[in-house]
Amino acid sequence: MALYKNASELVKSESADFDLVYTPGTKAPWSGIYICTNCRDEAACNRDDPLPPQNHRQHSTSKGDIRWKVLIKTQTGPN
Ligand SMILES: [Zn+2]
């Protein structure tokens, strides 16, 4: 699981964006940390870069297909 120290630097969101599931190679819709729903491995990805492929670390074929969900979205620029 992703770690953090200062909860005051994170904002809880109920956005449905966090429920969307993507296949490897899909362009990341947001910059942030993604989690594989099958093996729980995490990967940091920049927006528009392809989400990591089938050989990503820790994912064995016994865990089914890789499916990415966004776990943490970065927010940049003026709020
Ligand atoms: Zn995986």
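Residues numbered from 1 in each chain as written. Predicted model: local features only at pLDDT ≥ 70, side-chain atom pairs only at ≥ 80, totals over all residues. Heavy atoms only, no water.

**What about the nonpolar core?**
Soluble globular proteins tend to bury their nonpolar side chains together.
Phase 1: Membership of the largest hydrophobic core is limited to eleven residues, which are Tyr22, Ala28, Tyr34, Cys36, Cys39, Ala43, Cys45, Leu51, Ile66, Trp68 and Val70.
Phase 2: Of all the elements in the fold, those that place two or more residues in this core are strand S1 (32–36), strand S2 (42–45) and strand S3 (68–73). (Core = buried A, V, L, I, M, F, W, Y, C linked by side-chain atoms within 4.5 Å. Buried < 20%, exposed > 50% of the residue type's maximum accessible area, 1.4 Å probe, protein only. Helix = DSSP H or I, 4+ residues; strand = E, 2+ residues; numbered from the N terminus.)

**Quick notes on the pairing of S2**
Phase 1: Covered by surrounding structure in S2 are Ala43 and Cys45 only, the residues Glu42 and Ala44 on the alternate face being uncovered.
Phase 2: With four bridges connecting them, S1 and S2 associate as antiparallel partners. Considered in S2, the bridge of isoleucine 33 is made with alanine 44.
Phase 3: Between the antiparallel neighbours S1 and S2 lie five residues, among them arginine 40 with a positive phi of about 70°. (Pairing = 2+ DSSP bridges.)

**Remarks on the pairing of S1**
Phase 1: Counting buried residues along S1, four of its five residues qualify, which places the element largely inside the surrounding structure.
Phase 2: Where S1 meets S3, five bridges bridge the pair, whose relative direction is antiparallel. From the neighbouring strand, isoleucine 33 faces S3, where its bridge partner is isoleucine 72.

**As for the confidence of the model for the protein**
Phase 1: Summarising the model, the protein shows a mean pLDDT of 91, and 91% of its residues fall at 70 or more.
Phase 2: Put simply, S2 is where the protein has its lowest mean pLDDT, 94, and S3 is where it has its highest, 97. (pLDDT = per-residue confidence, 0-100.)

**Digging into the packing of aromatic side chains**
Phase 1: Tallying each qualifying case throughout the model produces zero aromatic pairs.
Phase 2: Here the guanidinium or amino end of lysine 73 rests over the ring plane of tryptophan 30, the centre of that ring lying 4.2 Å away. (Phe/Tyr/Trp six-rings, centres within 6.5 Å; stacked < 30°, edge-to-face > 60°. Lys NZ or Arg CZ within 6 Å of the ring centre and 35° of its normal.)

**Some words on unusual backbone geometry**
Both trends apply: most residues other than glycine have a negative phi, and most peptide bonds are in trans.
Phase 1: Of note in this structure, arginine 40 is not a glycine but carries a positive phi near 70°.
Phase 2: Phi is positive for aspartate 48, which is not a glycine, with a value near 75°.
Phase 3: Along the chain, aspartate 48 turns up in the loop between S2 and S3.

**What about the environment of lysine 73?**
Phase 1: On the secondary structure map, lysine 73 appears in strand S3.
Phase 2: Sequence-wise, lysine 73 and valine 21 are 52 residues apart; in three dimensions their C-alpha atoms are separated by 14 Å.
Phase 3: Other than its neighbours up to four places away in sequence, lysine 73 contacts Ser15, Asp17, Phe18, Trp30, Ser31 and Gly32.
Phase 4: Within the structure, lysine 73 has its side chain in polar contact with the side chain of aspartate 17 (distance 2.5 Å). (Contact = heavy atoms within 4.5 Å. Polar contact = N/O pair within 3.5 Å; in protein donor to acceptor, adjacent residues only side chain to side chain.)

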